[in-house]
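# Architecture and fold: a report
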Amino acid sequence: MYKKPVSALKAESQVLVSSNFISEIVNLKTGYLASKVYQDIKTTDESSETDKEIRERFRAFLESNNEQTMNIESIKQAAASGISHRLMYLRNGFPVLKNLMPWEVIYDYDDDIYNPRAAYYFFSKTDLLGNTKYFCDVYDTQFVTHFISDSGEYIQLGEPEPHLFYTVPIYPFLNNDTIQGQCDKVFDMIDAYDDSNSDFASEIKATRFAYLKIFGQLYTGRDEDGNEIDIIRYLRETGAFLFGVDDQGKPVGDASFLEKKLNHESIVALQTELKKHIYTQSDSIDLDNLIAMGSNTRIFTVKTALMRLETDASLTERFFRKALMKQFELFTTWLVTYFSFGEPEISMAMNNFNIEFNRVFPDDTDAIVQALGTLRNSMSLEDAYRYLGFEDAKGLAIRFKEELGATGGITAV
């Protein structure tokens, strides 16, 4: 996102600086939430050939569509815009997934966006000559109807075609219940941060730190032809300021410099405060700030900041589960249509469909070690492990004591 000059007069002199807050915040949440999303069909009867076939076909479906990468893109688009979409359609009888941009789909529904009456998919195509045509595919519960735009009016292309899913095969990935992106609430603060950087950089570029103040009339004399010497030429060549005197001998002019100083401390304070609110209001973490902190402070600050990020990610996860459940429902419809699976087998697959999200956030090992050393001076080793958030605190403490005894009190470095 790049800013424009606030006015045409400042276009040549103003330096425009755009921060990277939006990308950083969106990418952090995407990496934290979407790095490892696991889907499978669990069963208690491993010997069942029917169960085995359903699981194998589902895994083949995920692999052929590179669905793990598509999940990352869906969460990223939803985090940026509040919503993203996915379409499932059949190609040569096999289900294919396609991620759609946030602005390309409109749903027609009453209460449940995951079960709409219809979905309108707007898109465009540009040929090699640069000619662009605009289309709209309308999906209802049984058919897809193709339209093309002609002078702003959409004209139907051919007859409706059955899509064979018996429900609208476009479904949304929501970022939250208000369908807001991560940065929707902090755009004004980001603009203020960018403005402060832009204004400061513009002042430096323009070298306006010193202004020359002249009042009165400069005396420049005359050239060899008797003409008055131009003031700009005179100052450039002589660098001197000559003023006459009045009848009483007083100078009729003067020149001095006005020095302009920028309050750097105020700018830094403003930007620090803005950054803090930007990351807080967007439920994110300022990684640069964590790195700059001392180790003992950093480990607890990370845990506190992660609570905010985790709460936000958990909300997105619930909507993401609903979208993947809708996707699996469409997949099972394909199984019933093209294979000899009956209602009992499909019900079993639906009841045993499993989705797991594994959060990924790097541990600050150095901070953990230093904090552990500090805590051991005031509490037991087991309590120190537990306070730092280790799940098996008791087991870790016992293993440490056993290893310490085995090495005669000397730990390996």
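What comes next concerns the included structure. (Residues numbered from 1 in each chain as written. Predicted model: local features only at pLDDT ≥ 70, side-chain atom pairs only at ≥ 80, totals over all residues. Heavy atoms only, no water.)

### Structural notes on helix H3 (residues 67-81)
Stated formally: The numbering of helices and of strands both runs from the N terminus, where a helix is a DSSP run of H or I of at least 4 residues and a strand a run of E of at least 2. An expected span of 1.5 Å times one less than the residue number is assigned to each helix.
Helix length check: H3, at 15 residues, gives a terminal C-alpha distance of 21 Å against a target of 21 Å (1.5 Å per residue), a fit within 8%. Following H3 by one or two positions, Gly82 has its phi on the positive side, about 95°.

### Observations regarding unusual backbone geometry
Threshold: Note on exposure labels: buried denotes an accessible area under 20% of the residue type's maximum, exposed denotes more than 50%, and partly exposed covers the range between, all computed with a 1.4 Å probe on protein chains only.
The backbone phi angle of Tyr166 is positive, close to 60°, even though this residue is not glycine. By the element assignment, Tyr166 lies in the loop between strand E8 (153-162) and strand E9 (170-174). Accessibility expressed as a relative area gives 52% for Tyr166, which makes it exposed.

### Considering the nonpolar core
Our working rule: The criterion is simple. A nonpolar core is a set of buried Ala, Val, Leu, Ile, Met, Phe, Trp, Tyr and Cys residues joined through side-chain atoms within 4.5 Å. When checking whether two residues touch, look at their non-hydrogen atoms; a contact exists if any pair is within 4.5 Å.
Within the largest apolar cluster, 54 residues are counted, with the highest numbers of intra-cluster contacts made by Phe58 and Ile170. Ranked by the residues each element gives to this core, the list is headed by helix H8 (residues 295-338), at 12 residues. Discounting chain neighbours no more than four positions away, the residues touching Phe58 are Gln39, Asp40, Ile41, Phe328, Phe331 and Phe353. Among the nonpolar cores identified, the runner-up in size contains 10 residues, and Phe21, Ile25, Leu274 and Ile278 belong to it.

### Considerations on the pattern of salt bridges
Side-chain pairing between opposite charges can occur once the charged atoms of the two side chains come close. Put simply, the rule is: One side-chain nitrogen of Lys or Arg within 4 Å of one carboxyl oxygen of Asp or Glu is enough to make a salt bridge.
Under the criterion given, the structure shown has 10 salt bridges. Across the pair Arg57 and Glu53 runs a salt bridge whose closest N-O atoms are separated by 3.1 Å. Here the residue Arg57 and the residue Glu53 both occupy positions in helix H2 (residues 49-64), the gap between them amounting to four residues, near one helical turn. With a relative accessible area of 28%, Arg57 lands in the partly exposed category. The exposure class assigned to Glu53 is partly exposed, which follows from its relative accessible area of 29%.

### Focus: helix H6 (residues 264-281)
For clarity, the threshold we go by: When we speak of the arc, we mean the arc of directions from the helix axis to the C-beta atoms.
Helix length check: H6, at 18 residues, gives a terminal C-alpha distance of 26 Å against a target of 26 Å (1.5 Å per residue), a fit within 8%. Among the residues making up H6, those that are buried are Gln271, Leu274, Ile278 and Tyr279. Within H6, the buried residues cover an arc of 125° as seen down the axis, which keeps them to one side. Phi for Asp283, located one or two positions after H6, is positive at around 55°.

### A look at the sheet that holds strand E2 (residues 83-91)
The following threshold applies: Any two strands with at least two DSSP-identified bridges between them are counted as paired. Axes, fitted as lines to C-alpha atoms, cover a helix only where it is in contact. Angles between the N-to-C directions of the axes lie from 0 to 180 degrees.
Within the open sheet, the three strands sit side by side as E3-E2-E9. Their pairing is antiparallel. Here the strands that pair on one side only, and so sit at the sheet edges, are strand E3 (94-100) and E9. Strand-to-strand, the axes of this sheet are offset by a mean angle of 25°, without reference to chain direction. Across seven bridges, E2 lies against E3 in antiparallel orientation. Of the residues in E3, the one forming a bridge with Arg86 is Asn99. Strands in contact with H2 are E2 and E3; relative to E3, the strand with the most contacts, it is inclined by about 40°. Taken strand by strand, H3 contacts E2, E3 and E9, and its axis lies near 145° from that of E2.

### Examining the packing of aromatic side chains
As a reminder, the rule being used: The criterion for an aromatic pair is that two Phe, Tyr or Trp rings (for Trp, the six-membered ring) have centres within 6.5 Å, with stacked assigned to planes under 30 degrees apart, edge-to-face to planes over 60 apart and tilted to the rest. Remark: a charge is flagged as sitting over a ring if the NZ atom of Lys or the CZ atom of Arg is within 6 Å of the ring centre and within 35 degrees of the ring normal.
Overall, the coordinates contain 19 aromatic pairs when judged by the stated rule. Note on Phe21 and Tyr193: the rings are 4.9 Å apart at their centroids and 80° apart in plane angle, and the pair reads as edge-to-face. Separated by 172 residues along the polypeptide, Phe21 in helix H1 (residues 21-34) and Tyr193 in helix H4 (residues 187-206) bring together distant segments of the chain. Here the two residues Phe21 and Tyr193 agree in accessibility, since each one is buried. Measuring from ring centre to ring centre gives 6.0 Å for Phe328 and Phe331, while their planes differ by 25°; the resulting arrangement is stacked. Of this pair, Phe328 and Phe331 are both found in helix H8, three residues apart, which corresponds to roughly one turn of the helix. Each member of the pair, Phe328 as well as Phe331, carries the same accessibility label: buried. Three or more aromatic residues link up through ring pairs in this structure, and these residues are Phe58, Phe61, Phe94, Phe328, Phe331, Trp334, Tyr338, Phe339 and Phe353. Here Lys125 stacks its cationic end above the ring of Phe135, 5.5 Å away from the centre of that ring.

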